[in-house]
Amino acid sequence: MSGAASGEGGSGDPAARWGRWKLLALGLLSASSVLAAAPGAGAMSREEKRRLGNQVLEMFDHAYSNYMEHAYPADELMPLTCRGRVRGQEPSRGDVDDALGKFSLTLIDTLDTLVVLNKTKEFEDAVKNVIKDVNLDNDIVVSVFETNIRVLGGLLGGHSVAIMLKEKGEYMQWYSGELLHMAKQLGYKLLPAFNTTSGLPYPRVNLKFGLRSPEARTGTETDTCTACAGTLILEFAALSRFTGTSIFEEYARKALDFLWEKRQRNSNLVGVTINIHTGDWVRKDSGVGAGIDSYYEYLLKAYVLLGDDRFLERFNTHYDAIMRYISQPPLLLDVHIHKPMLNARTWMDSLLAFFPGLQVLKGDIRPAIETHEMLYQVIKKHNFLPEAFTTDFRVHWAQHPLRPEFAESTYFLYKATGDPYYLEVGKTLIENLNKYARVPCGFAAMKDVRTGSHEDRMDSFFLAEMFKYLYLLFADKEDMVFDIEDYIFTTEAHLLPLWLSTTNQAMSKKNTTTEYTELDDSNFEWTCPNTQILFPNDPMYAQSIREPLKNVVDKSCPRGVARVEESFGSGPKPPLRARDFMASNPEHLEILKKMGVSLIHLKDGRVQLVQHAIQAASSLDAEDGLRFMQEMIELSSQQQKEQQLPPRAVQIVSHPFFGRVVLTAGPAQFGMDLSKHNIGTRGFVATSKPYNGCSEITNPEAVKEKIALMQRGQCMFAEKARNIQKAGAIGGIVIDDNEGSSSDTAPLFQMAGDGKNTDDIKIPMLFLFNKEGNIILDAIREYESVEVLLSDKAKDRDLEMENMDQKSSENDSHKQRPEETSASQDLSLVSQEPEGEESSDVTHLDTLSPVDADIDSISISNEESCITEIHEANVQETESTELENQPQEQTQTETESSSSVNWDNKVQPMESILADWNEDIEAFEMMEKDEL
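As a starting point, this report considers the structure included with it.

What counts and what doesn't
- Residues numbered from 1 in each chain as written.
- Predicted model: local features only at pLDDT ≥ 70, side-chain atom pairs only at ≥ 80, totals over all residues.
- Heavy atoms only, no water.
- Helix = DSSP H or I, 4+ residues; strand = E, 2+ residues; numbered from the N terminus.
- Expected span 1.5 Å × (residues − 1).
- Buried < 20%, exposed > 50% of the residue type's maximum accessible area, 1.4 Å probe, protein only.
- Contact = heavy atoms within 4.5 Å.
- Phe/Tyr/Trp six-rings, centres within 6.5 Å; stacked < 30°, edge-to-face > 60°.
- Axes fitted to C-alpha atoms, helices over the stretch in contact; angles between N-to-C directions.
- Parallel < 35°, antiparallel > 145°, perpendicular 65-115°, else oblique.
- Left-handed = near helix turned anticlockwise from the far one by under 90°.
- Nonpolar A, V, L, I, M, F, W, Y, C, P; charged D, E, K, R; others polar.
- Pairing = 2+ DSSP bridges.

### Here's the deal with helix H14 (residues 405–417)
Here is step 1 of the chain: The end-to-end C-alpha distance of H14, which contains 13 residues, comes to 18 Å, matching closely the 18 Å that a straight helix rising 1.5 Å per residue would cover.
Here is step 2 of the chain: Of the residues one or two after H14, glycine 418 is the one with positive phi, at around 70°.

Following this line, the structure appears as structure tokens:
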């Protein structure tokens, strides 16, 4: 996001509005100069800024050169295996692969980044490659949303800077609009997706065959996300104004108009997913993160780029609702669109990190500083922002695809405040990327921030956004070859020139926004930010806001608890809380009956709670009952997760890896507890004989004082551990014999004992899936001596050893790239198996939480009521937590004689309980089963 006007009023005159935009930019810079000059502000020296800027350039070179060398013309680089990701040639990752269209995605997404980073010669070469090599007529189904923001946006951003360079007279003199021609071709290929009565686009389209033909293999979907339909206007309008072809802007406007008309009129909020044919909300929870985020962003930026007051009015209406219901400083929590005082989940996803930056552009600085500081404290705790984290800042989804949203907000906060604190934040981001994500072939996404393990992914947005924002954070105006304030950033950080607001204005209309009411809100008191208002004679303004939040993560945020109490209304507290409930207490049972909740003892030992709202003594009692059921679900989920064993790490520390390769490993319920041994177990690896480790080891001299490698199967895990321990091994790694298995797609595997006392096993044991195990085996074949570290989380790289090998040090300059949100995956699910002659005794539950624990668990049914089952026996279960574009994670059981994986995902759908309660129950389910 390069800029957006903030404020209430606005002229429809594009020239006047563009002038206000320039004033906004000057206002932000003025604020920067005020604070930067403040005594005691601890300003970063010009030399240090220049050093960090050069470091960003080197990091970009490492990622970009490895993509071009090892992956191009493939869509993305796989940085761990140093090869390109070609759709259809790699195992499917589900919907996340819909971003790949065999059109050199990373190169197109990176075009304008090259110019921002002053790499004009490389940009010229890249444009020639795109023109020569890229084919947009492939028989492949792609995401309309991803193709728009990454490919269409990339082509338009590339065209924007290409004509700018040509006008300057030194570069691109041969350019004749080839990128714009390709963008128009792609725009026409996306138009068939809009063939709906609502005007909302289908989520996918075939580049060659569109939707309707039998060859298209798509066009049957009924739902799309709000952001997917509402994040088109900038690219489509720019395409119309560049080419003079109005149809693109018309289609994007129609989609935005429909979303606005379908907002919940009482709360002025929108849901996450909507039916593209009927306009009914499919998911009725609302927030500012995944599924909605860029819809809000594009309303404000469409006003800036297009000069249409409707978009500003709509944005202000939504923003007022967000600040009333969703914003709980410093948290941003999803709520129900029909009952916005009721929280819909107890965790936040990482995509909301863009929102402080949007608030800066809107001119609302205080909440931006608060939320950004909370996010930074989470990053300092985990090195990266987990894909999702709870209101008490525990990891909810552990992966991190190196998203740029936090860097984006950091850049805008520094631009608005000039506070050198945000330069230090950027420095931390650079250090963490180099320390934890950099690998020889680029930068690798984090599979688990708790262990530091990597995933073989480097999404295109890493080059498109992360390096752009980090470089701009440290760059001075004289470091740039053009004025960045002449452009607006799309959600993918592509550059669109503001002069488009005065070009081909056929779509410009008078304000016809329906049912817009003037908002009496202090957020809208100014038209452009004024430094005297934002920072009232106080250069330490930002610091004064951050100070109370600096320990918010360690102490947990009390506001979340207050909000829970607040959600119960102003009346008396609920008569019974889930944490106090006892099934044997007659008084509790009587209270449940009053709330319309009945208790049923099932034949299998379970206790089932069922709520029928119509059986409650009153509507207030029915609401108490509903909240009690929600509490029971959350309490069970929390208890289950607390007893789950976290993943472990296998880190290759020998030459030439030196700790840069970290593999996610499954824990064991026996042997050394690595979480209690900070240094872990370090040693060279050796293959046991027999390889299955199921009988006495015949090569004890080879495994003595080493970490033994074994293959899964043919006996119990505990038996393998005892055999290698007897041979003198200091640890063991069991490698899955199921060819192609990977922690990328399978739930975390936890090794159980053999049903006997395992206290005699003293060595640590870890489990690796086939793909991760082969990385170690391949390293042995190439380097013979391979040393690894078994630990609860990855340790710092062995820099001392690394510096002894100059060649290895040079290789370390290669870096890895981050990954797409839509593809991230929660790997905290546990599948437990005592490997042996008989399969382990596993109970599969249709619950919402994963775990292997001796606790009560809860599941929900849908018999026109809210049903909670309390399982009183020991159980093993899985969590149906799901990210958009990813396969569901499910329970895995297995017998000794078969390596097949049994997938079981039986989360029951939540149907209508009563019309009044339906959206609430659906949202409760979505608290644990959600899509990013």
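### Things to note about the environment of isoleucine 247
Here is step 1 of the chain: On the secondary structure map, isoleucine 247 appears in helix H9 (residues 247–261).
Here is step 2 of the chain: For isoleucine 247, a relative accessible area of 25% puts it in the partly exposed group.
Here is step 3 of the chain: For isoleucine 247 and tyrosine 188, which are 59 residues apart along the polypeptide, the C-alpha to C-alpha distance reads 9.5 Å.
Here is step 4 of the chain: Leave out the neighbours within four places in its chain, and isoleucine 247 touches Leu191 and Ser240.

### Examining the packing of aromatic side chains
Here is step 1 of the chain: Per the counting criterion, the structure on display carries 31 aromatic pairs.
Here is step 2 of the chain: Seen in terms of ring centroids, tyrosine 469 and phenylalanine 489 are 5.6 Å apart; in terms of plane orientation they differ by 80°. Their pairing is edge-to-face. On the criterion of sequence distance, the pair formed by tyrosine 469 in helix H16 (residues 460–474) and phenylalanine 489 in strand E19 (residues 487–489) is long-range, its members being 20 residues apart. Of the two residues, tyrosine 469 and phenylalanine 489, both sit in the buried class.
Here is step 3 of the chain: Note on phenylalanine 717 and phenylalanine 749: the rings are 5.9 Å apart at their centroids and 70° apart in plane angle, and the pair reads as edge-to-face. Of this pair, phenylalanine 717 sits in helix H24 (residues 717–726) while phenylalanine 749 sits in strand E28 (residues 748–751); the two residues are 32 residues apart in sequence, bridging distant segments of the chain.
Here is step 4 of the chain: An aromatic cluster is defined as three or more aromatic residues linked by ring pairs; in this entry it consists of Phe60, Tyr64, Phe443, Phe462 and Phe467.

### Here's the deal with the packing of helix H10 (residues 293–306) against helix H11 (residues 309–326)
Here is step 1 of the chain: Relative to each other, H10 and H11 sit at 150°, their axes nearing to 8 Å. Relative to H11, the element H10 lies roughly antiparallel. Read as a crossing pair, H10 and H11 show a hand that is left-handed. Facing Tyr295, Tyr296, Leu299, Leu300, Ala302, Tyr303 and Leu306 of H10, the residues of H11 in contact are Asp309, Phe311, Leu312, Arg314, Phe315, His318 and Ile322.
Here is step 2 of the chain: Taken together, the residues of the contact of H10 with H11 sort by class into 11 nonpolar, 1 polar and 2 charged.

### Considering the sheet that holds strand E13 (residues 388–390)
Here is step 1 of the chain: The 3 strands lie next to each other as E12-E13-E14, forming an open sheet whose pairing is antiparallel. Because the sheet does not close on itself, it has two edges, and the strands there are strand E12 (347–349) and strand E14 (395–397). Each neighbouring strand pair of the sheet contributes to a mean axis angle of 30°, computed without reference to strand direction.
Here is step 2 of the chain: Alignment of E12 against E13, held across 3 bridges, turns out to be antiparallel. Of the residues in E13, the one forming a bridge with methionine 348 is phenylalanine 389.

### Observations regarding the sheet that holds strand E26 (residues 707–711)
Here is step 1 of the chain: A sheet is described by the order of its strands in space; here 7 strands give the open sequence E24-E23-E30-E25-E26-E27-E29, paired in mixed fashion. Looking at the sheet topology across the chains shown, the edges are occupied by strand E24 (661–665) and strand E29 (765–768). Within this sheet the neighbouring strands show an average axis-to-axis angle of 30°, counted without direction.
Here is step 2 of the chain: Alignment of strand E27 (residues 731–735) against E29, held across 4 bridges, turns out to be parallel. Within E29, the position partnered with valine 734 by the bridge is phenylalanine 767.

### Some points on unusual backbone geometry
Here is step 1 of the chain: Going from proline 329 to proline 330, the amide bond is cis rather than trans, its omega being 5°.
Here is step 2 of the chain: If you trace the backbone, proline 330 turns up in the loop between strand E9 (327–328) and strand E10 (331–332).
Here is step 3 of the chain: In this model, lysine 689 is joined to proline 690 through a cis peptide bond whose omega is 0°.
Here is step 4 of the chain: By the element assignment, proline 690 lies in the loop between strand E25 (681–687) and helix H23 (700–703).
Here is step 5 of the chain: A positive phi angle, close to 55°, is found at lysine 102, a residue other than glycine.
Here is step 6 of the chain: The phi dihedral of asparagine 383 falls on the positive side, at around 75°, and the residue is not glycine.
Here is step 7 of the chain: Within the fold, asparagine 383 resides in the loop between helix H13 (365–382) and E13.

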